[in-house]
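Structural features, examined
Letter by letter, the chains look like this.
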Amino acid sequence: MAAITRLQQLQLLHPPPLTLRRSLLFHKPKQLTRSRPRSFSTSPILCSNNSHNTPESSASTVGANASIVGDLLDYLNESWTHFHATAEAKRQLIAAGFHLLNENDEWDLKPGGRYFFTRNMSCLVAFSVGEKYTVGNGFHVIAAHTDSPCLKLKPRSASSKSGYLMINVQTYGGGLWHTWFDRDLSVAGRVILRGSNGSFVHKLVKVKRPLLRIPTLAIHLDRTVNKDGFKPNVETQLIPLLASKLEEASMETKEKSTTTSSKAAHHPLLMQALSDELNSNIDDIVSIELNVCDTQPSCLGGGNDEFIFSGRLDNLASSYCALRALIDSCKSPGDLSSEQAIRMVALFDNEEVGSGSIQGAGAPTMFQAMRRIISCLADKYVGEGAFERAIRKSFLVSADMAHGVHPNFMDKHEEHHRPEMQKGLVIKHNANQRYATSGVTSFLFKEIGKIHNLPTQEFVVRNDMGCGSTIGPILASGAGIRTVDCGIPQLSMHSVREICGKEDIDIAYKHFKAFYQTFSSIDKKLNVDS
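Described in the following lines is the structure provided in the data block. Just so we're clear, the structure is a prediction, and the values are computed from it rather than from any experiment. (Residues numbered from 1 in each chain as written. Predicted model: local features only at pLDDT ≥ 70, side-chain atom pairs only at ≥ 80, totals over all residues. Heavy atoms only, no water.)

Digging into the packing of helix 10 (residues 313-329) against helix 15 (residues 502-523)
- Closest axis-to-axis distance for the helix 10/helix 15 pair is 8 Å, and the angle between their directions is 45 degrees. One way to sum up the angle between helix 10 and helix 15 is to call them oblique. Note that helix 10 runs across helix 15; the crossing there is right-handed. Between helix 10 and helix 15, the residues in contact are Ala317, Ser318, Cys321, Ala322, Arg324, Ala325, Leu326, Asp328 and Ser329 and Ile505, Ala508, Tyr509, Phe512, Lys513, Tyr516 and Gln517, respectively.
- When the residues that make up the contact of helix 10 with helix 15 are grouped by side-chain class, the tally is 10 nonpolar, 3 polar and 3 charged. (Axes fitted to C-alpha atoms, helices over the stretch in contact; angles between N-to-C directions. Helix = DSSP H or I, 4+ residues; strand = E, 2+ residues; numbered from the N terminus. Parallel < 35°, antiparallel > 145°, perpendicular 65-115°, else oblique. Left-handed = near helix turned anticlockwise from the far one by under 90°. Contact = heavy atoms within 4.5 Å. Nonpolar A, V, L, I, M, F, W, Y, C, P; charged D, E, K, R; others polar.)

As structure tokens, then:
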């Protein structure tokens, strides 16, 4: 993306009135009402800072032609890591009236109630119980993931080369690592702090200023790079530069109290940046878990502001659309009055590395929650197979970003399955079950779109190419739940900077919201196994 102009910087530092800001950011303000859920305390260049509304207070203004794109941009700019994405989802749910549960405690649930819990602050399950719910009724679930390919600090990150302080990193997921070069980078994640009473405190941290950079080699020293391609060694050449050794000597003089173990594991300069952000002593930081993050803010782009340029669209765009759809589908007292099912969102971690973790979709988190919910609501019910019958009546939408057709590489798509931006959700098919979509689940999901005049597209990978996968097959096979895999089309997937269509965000949100509101009535019209 081109550098931010001086005029844009002035607009960010001294924002004009809300109505004018809408017209500056969106050329058609009447078609895109911005109902900001939060005003973040970040530097102006990183966030739009447009409103103090919460999803609960702003949802009443959301009409048929309203847009959540502005709110998504705020969510993306807040959610530098999977931890921050989960924490922001938690904040929005509480603001919307959802009750926070703890997996360690007994639950007391009621029909018409709205609840959620987090695990590891990187996985979240939220649900609302229909007032007409009876034991054995199903769950209507949208599942997505909070993680994205990135660089993570190694347990011992401090190193130095040729007079520079360097930060050792691990590659997480299948990223396009060449896109991380020559970017203004920083760190974010979580730390464990030692409390004054001997306890330990979990806190999230984000260093907003550009702190790191991975410089490319000058073409004068690599004359064949444009012909042979840029192929960096991810162990030896993908190491962010922090500072010069002169700064290290200065920091060591200032921080006499820093422990030997902290110095050995991480540069004092890095630890000082963290402690400044946390307003704590360096010695109180007992553990860190940090990602390297791009500091460039998410924004609208394109000649007509029709695109979203951002990191982590895969898969925070799906996560936010699902979260917002659940919140808005039960914001009013009457929204659950005739609902017989339980509406649920499940946001998992570690999808990019196979989901095999306690906070990933490979763990039984969602299904354990379902069993507990059924048990809590069973009251004096003594019948047989409540959970099993509920699963057979349930439906899962696995929402992960999809491959839009690339205009410069059209031959990478199967000729008749080339999803385009701004044309709706993509339903993913794969005969070898890399996606969990079946003819039945595809029909039911498309029927929702048809009833609400929402477009859908379909994707099949070429027979001569490998096919990626999602959490859909993992969850579908976990307990035998009907599943459709779908996603918002995008370009530059797994790049440090991705792109998707503005209109597709609103279409996805509306489709997900319609799923919650109408699936019960649609599902009754089709019986496959009777």
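More follows now that the structure is in view.
Side note on empty space enclosed by the protein
- Under the defined criterion, the tally for this structure stands at 2 cavities of 30 Å³ or more.
- Here the largest cavity is characterised by a volume of approximately 210 Å³.
- Considering the residues around the largest cavity, the lining is formed by 22 residues, among which Trp80, Ser148, Pro149, Cys150 and Arg312 are closest to the centre.
- Broken down by secondary-structure element, the contributors of at least two residues to the lining of the largest cavity are strand 5 (150-161), strand 10 (285-294) and helix 10.
- Here the lining of the largest cavity gets 4 residues from one element, more than from any other, and that element is strand 10.
- Its residues assigned to classes, the lining of the largest cavity comprises 9 nonpolar, 7 polar and 6 charged.
- Counting residues domain by domain, the lining of the largest cavity receives three or more from each of domain 1 (68-148 + 311-524) and domain 2 (150-245 + 264-294).
- In this structure, the second largest cavity encloses a volume near 60 Å³.
- What lines the second largest cavity is a set of 13 residues, and nearest its centre among them are Asp294, Gln296, Gly311, Arg312 and Arg497.
- Partitioning the lining of the second largest cavity into residue classes produces 5 nonpolar, 5 polar and 3 charged. (1 Å grid on protein atoms, 1.4 Å probe; cavity = no way out; pocket = protein on both sides within 12 Å on 5 of 7 lines; lining within 4 Å. Points joined across faces, edges and corners; volume = space filled by probe spheres on them. Domains from an automatic or database assignment.)

Focus: unusual backbone geometry
- Note the cis peptide between Asp314 and Asn315, where omega equals 15 degrees.
- Within the secondary structure layout, Asn315 lies in helix 10.
- A positive phi angle is found at Met121, which is not glycine, with a value near 50 degrees.
- As for its placement among the helices and strands, Met121 is situated in the loop between strand 2 (114-119) and strand 3 (123-129).
- Overall, the relative accessible area of 15% leaves Met121 in the buried class. (Buried < 20%, exposed > 50% of the residue type's maximum accessible area, 1.4 Å probe, protein only.)

Considering the sheet that holds strand 9 (residues 241-244)
- The sheet built from 6 strands is open, its strands ordered 8-7-10-5-6-9 with antiparallel pairing. Here the strands that pair on one side only, and so sit at the sheet edges, are strand 8 (200-206) and strand 9. Here the strands of the sheet are splayed against their neighbours by 30 degrees on average, with no regard to which way each runs.
- As paired elements, strand 5 and strand 6 (residues 164-172) share 8 bridges and run antiparallel to each other. Bridged to Ser160 within strand 6 is Leu165.
- The sheet strands contacting helix 5 (residues 82-95) are strand 5, strand 7 (185-194), strand 8 and strand 10, and the helix crosses strand 8 at an angle near 105 degrees. (Pairing = 2+ DSSP bridges.)

Concerning the pairing of strand 4 (residues 139-145)
- Judged by how many residues are buried, strand 4 sits mostly within the fold: 7 of 7 residues are covered.
- With burial as the criterion, each face of strand 4 is covered, one bearing Phe139, Val141, Ala143 and His145 and the other bearing His140, Ile142 and Ala144.
- Two elements, strand 4 and strand 13 (residues 342-348), share 7 bridges in a ladder whose sense is parallel. Note that in strand 13 the partner of His140 across the bridge is Arg343.
- Looking at chain direction, strand 4 and strand 14 (residues 395-399) are connected through 4 bridges and run parallel.

Overview of the sheet that holds strand 12 (residues 307-310)
- Strand order in this open sheet of 5 strands is 11-12-20-19-15, and the pairing throughout is mixed. Each edge of the open sheet is held by one strand with a lone partner, namely strand 11 (299-301) and strand 15 (402-403).
- Pairing between strand 15 and strand 19 (residues 489-491): 2 bridges, direction parallel. Looking at the pairing, His403 lines up with Gln490 of strand 19.
- Strands strand 11, strand 12, strand 19 and strand 20 (498-501) of the sheet are contacted by helix 15, whose axis makes an angle of about 65 degrees with strand 20.

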